[in-house]
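# An overview of the molecular structure
Listed below are the residues making up each chain.
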Amino acid sequence: MADEEEKAPAPTPVQPQMKVLGQFIRDMSFENIVAQKGASPDIQPDVQVQVNLDAKKRGGDNQYESAIKLKITSKAKEGDTVLFVLEIDYVGIFHIENVPEDQMHPFLLIECPRMIFPFLRRVVSDITRDGGFPPLNLENIDFISLYRNEIVRRQNQAAPADA
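Residues numbered from 1 in each chain as written. Predicted model: local features only at pLDDT ≥ 70, side-chain atom pairs only at ≥ 80, totals over all residues. Heavy atoms only, no water.

### What to know about the nonpolar core
The biggest cluster of nonpolar side chains holds 31 residues, and the ones touching the most others in it are Leu70, Ile72, Ile96, Leu120 and Val124. Breaking this core down by element, the ones donating at least two residues are strand S3 (63–76), strand S4 (82–97), helix H2 (101–130) and helix H3 (143–158). In this structure, isoleucine 72 is in contact with Val47, Gln48, Val49, Phe84, Val85, Leu86, Val124, Leu136 and Leu138, ignoring residues within four places of it in sequence. (Core = buried A, V, L, I, M, F, W, Y, C linked by side-chain atoms within 4.5 Å. Buried < 20%, exposed > 50% of the residue type's maximum accessible area, 1.4 Å probe, protein only. Helix = DSSP H or I, 4+ residues; strand = E, 2+ residues; numbered from the N terminus. Contact = heavy atoms within 4.5 Å.)

### Things to note about the side chain of threonine 128
Mapped onto the secondary structure, threonine 128 falls in helix H2. Here threonine 128 is in contact with Phe30, Phe84, Leu86, Phe133, Pro134, Pro135 and Leu136, once residues within four sequence places are set aside.

### What about the pattern of salt bridges?
Summed over the entire model, instances satisfying the criterion amount to nine salt bridges. A salt bridge links arginine 122 to aspartate 126; the shortest N-O distance between them is 3.1 Å. Taken together, the residues arginine 122 and aspartate 126, both in helix H2 and four residues apart, mark about one turn of the helix. With a relative accessible area of 47%, arginine 122 lands in the partly exposed category. For aspartate 126, a relative accessible area of 23% corresponds to the partly exposed category. Among the salt bridges present, the one from arginine 129 reaches aspartate 126, with a minimum N-O distance of 3.3 Å. (Salt bridge = Lys/Arg side-chain N within 4 Å of Asp/Glu carboxyl O.)

Written as structure tokens, this is what we have:
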């Protein structure tokens, strides 16, 4: 028993804390091209979604902004007739604590968008429905893969072309 030393309890790791302070549509454009041309909206759509993410520190202590920018184009499966185009910049404002500096960038571009995405999905559904189309229910976005692909793209862009 004398060989056993009293060990101090291991310090408990500090868990990251995130609170959504607000979310809003910064910019939005919806064009119902079918209605402008007077065509019938009863066309089978082919929907393409482009996703861009952005994040930055805000003025307040531990306050950050994370934005999901979508460009959704719906075309007719037969031919190239564009049915509608929706562009939206959806922003969340977060209070974040206990995230190491070297992990803040992925946290802002993965975890924050994951938190606000369900609300953006509802907005997109409402806009497309109110615009005269069936509600568009976006598939889940894999923000981890999106982040990794962007890192690879930036590394390839930074690599010398003649290497």
